[in-house]
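Residues per chain, in single letters:
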Amino acid sequence: MSDDTALARGTVLGIDIGGTKMAAALVSADGTILDGDRILTPPGGADQVFAALGELITRVRGDAAPLAVGIGSAGPLDLQHGLVSPVNIPGWRNFPLVDRVRELVGDVPVTLGVDGHCFALGEYWTGAGREVDTLLGIVVSTGVGGGLVVGGKPMLGQSGNAAHIGHVVVDQDGESCACGSFGCVEAYASGPRMVARAKRSGWRMDEDVDAAVLAADAAAGDELALAAFDDGAQALAAGIVATAVTVDLTTVVIGGGVAKAGSVLFDPVQAWVKRLAQLPFVTDLSVEPAQLDNAGLLGAAHQAWTAVS
């Protein structure tokens, strides 16, 4: 069997790690998910979190021998040493994720990328970005992550953490952020922060509710819920426009749990983008919903395929 035939018939293992959930799947060379599963990201220390991930990998992998592994993780990352320090996974600080995964899967290439980059790459590969070669992908969920594909290639930066749009400062006198700074996009646009802001305004103050409930109330016309989404949308639009004028892009794809709010999020984001994007080369900036439920995982798999192609 030729090497090309072996690659065509093989699979890679894609892994997507975030503050809310972890997913893994075997993926073919055309982006087809052959077998996969997901779990909630557990609380706890470094080994406890990895033990859950390890069980997921073992279960999904089964008897398969993937040609490579691609990991997309919440950042920041240290790509040179394969370390991860996700803002929303406190148990992992400089955690040697690449080495630990390699111990499980054997001596195959293991690639690592920021989850936002993998999301953008997945949408570029098989989703909403198939028709363009330059796009900004944004994941709005527990946090706000992002990634750029420029000229058909992921734009990683020297450390691999480029396009971390959730930590673009949009209000220098703004609210504190989990990263240690102030006024970041994530401090206004993440699901938990929008819920917290709405509660401070009097919305469902004594209830244990999440962004899905906030979105449902906003869709029903609740003014406090709508105001929280508008604040988040304004911050998100400011980050989008800042990125667009920096790298001269025309397409933005937004996914993640909060994006499932639909028009409740996208209508104010598009309105604020239109208001803020005044330079001629960004006035036609398109903001679209993601087409894939698993773009981050597919982007991680795409990285793995690139490593063996």
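For the structure itself, consult the block above.
Bear in mind the structure is a predicted one, so any value in this text is a computation, not a measurement.

*Asks:* Would you mind going over the overall build of the chain with me for this structure?
*Replies:* Broken down by element type, the chain carries ten helices and twelve strands. Since a compact globule built from 309 residues should have a radius of gyration of about 19 Å, the 19 Å found for the chain is in line with a globular shape. Taking the principal axes of its C-alpha atoms as reference, the chain extends roughly 60 × 45 × 35 Å. Counting the 309 residues in the chain, one finds 50% classified as buried. Total accessible area on the chain stands at roughly 13600 Å², and carbon and sulfur atoms take up 51% of it.

*Asks:* Honestly, the side chain of S190 in this entry has me stumped. Any pointers?
*Replies:* By the element assignment, S190 lies in the loop between α5 (186–189) and α6 (191–200). Those residues within four positions of S190 in sequence are excluded, and the remaining contacts are S141, T142, G143 and V144.

*Asks:* I keep staring at a nonpolar patch on the surface and nothing clicks. Help me out?
*Replies:* The grouping of V245, L279 and F281 at the surface amounts to a nonpolar patch, some 240 Å² of accessible area in total. Tracing the chain through its elements places V245 in helix α8 (residues 223–247).

*Asks:* Explanation requested: the pattern of salt bridges in the structure shown.
*Replies:* Side-chain pairing between opposite charges can occur once the charged atoms of the two side chains come close. Within the structure shown, the criterion is met by ten salt bridges. In the salt-bridge network here, residues are joined through shared partners; they are E175, R193, R197 and R200.

*Asks:* Is there a simple way to explain the packing of aromatic side chains in this structure?
*Replies:* How two aromatic rings sit relative to each other is given by the distance of their centres and the angle of their planes. All told, the structure shown has two aromatic pairs when counted by the stated rule. Measuring from centroid to centroid gives 5.8 Å for F50 and F95, while their planes differ by 45°, and the two rings are tilted. Placement of the pair is F50 in helix α2 (residues 46–61) and F95 in the loop between β6 (83–84) and α3 (97–105), with a sequence separation of 45 residues. Note on F50: relative accessible area 6%, which makes it buried.

*Asks:* What is the right way to look at the sheet that holds strand β2 (residues 21–27) in this model?
*Replies:* In a beta sheet, neighbouring strands pair by backbone hydrogen bonds and run either parallel or antiparallel. Here we have five strands laid out as an open sheet, ordered β3-β2-β1-β4-β7, and mixed in their pairing. Two strands bound the open sheet, and with one partner strand each, they are β3 (33–40) and β7 (110–114). When the angles between neighbouring strand axes are averaged without regard to direction, this sheet yields 15°. Running over the sheet, α2 touches β1 (12–17), β2 and β3 and is turned about 155° from β3.

*Asks:* Could you clarify how one ought to interpret the sheet that holds strand β11 (residues 251–255) in this entry?
*Replies:* Reading across from one edge, β10-β9-β8-β11-β12 is the order of the five strands in this open sheet, with mixed pairing throughout. Two strands in the sheet have a free side with no partner beyond their single neighbour: β10 (153–155) and β12 (286–289). For this sheet the average axis-to-axis angle between neighbouring strands, irrespective of direction, equals 30°. Docked against the sheet, helix α4 (residues 115–126) engages β8 (135–140), β9 (144–150), β10 and β11, running at close to 50° with respect to β9. Contacting β8, β9, β10 and β11, α8 runs over the sheet at an angle of about 160° to β8.

*Asks:* Is there a simple way to explain α8 in this structure?
*Replies:* Under the 1.5 Å per step criterion, the end-to-end length of α8 is 36 Å for 25 residues, consistent within 8% with the ideal 36 Å. Capping the start of α8 is the job of one residue whose side-chain oxygen sits 2.9 Å from the backbone nitrogen of L224: D222.

*Asks:* Would you take a moment to explain the nonpolar core for this structure?
*Replies:* For soluble globular proteins, nonpolar side chains are generally found buried alongside one another. I138, F229, L236, I240 and I254 are the most contacted members of the largest nonpolar core, which totals 42 residues. Only β8, β9, α6, α7 (211–219), α8, β11 and α9 (263–276) provide two or more residues apiece to this core. No other element matches the nine residues that α8 contributes to this core. In this structure I138 touches F119, V144, G145, G146, I165, L236, I240, V252, V253, I254 and G255, once residues within four positions along its chain are discounted. In terms of nonpolar packing, the next biggest core, distinct from the first, is built from 27 residues, L53, V105, V108 and V110 among them.

What counts and how
- Residues numbered from 1 in each chain as written.
- Predicted model: local features only at pLDDT ≥ 70, side-chain atom pairs only at ≥ 80, totals over all residues.
- Heavy atoms only, no water.
- Helix = DSSP H or I, 4+ residues; strand = E, 2+ residues; numbered from the N terminus.
- Rg over C-alpha atoms; globule rule 2.2 N^0.38 Å.
- Buried < 20%, exposed > 50% of the residue type's maximum accessible area, 1.4 Å probe, protein only.
- Areas by Shrake-Rupley, 256 points an atom, 1.4 Å probe, with all protein chains shown as cover.
- Contact = heavy atoms within 4.5 Å.
- Patch = residues over 30% accessible without salt bridge, like charges linked within 9 Å, V, L, I, M, F, W, Y side chains within 5 Å.
- Salt bridge = Lys/Arg side-chain N within 4 Å of Asp/Glu carboxyl O.
- Phe/Tyr/Trp six-rings, centres within 6.5 Å; stacked < 30°, edge-to-face > 60°.
- Pairing = 2+ DSSP bridges.
- Axes fitted to C-alpha atoms, helices over the stretch in contact; angles between N-to-C directions.
- Expected span 1.5 Å × (residues − 1).
- Polar contact = N/O pair within 3.5 Å; in protein donor to acceptor, adjacent residues only side chain to side chain.
- Core = buried A, V, L, I, M, F, W, Y, C linked by side-chain atoms within 4.5 Å.

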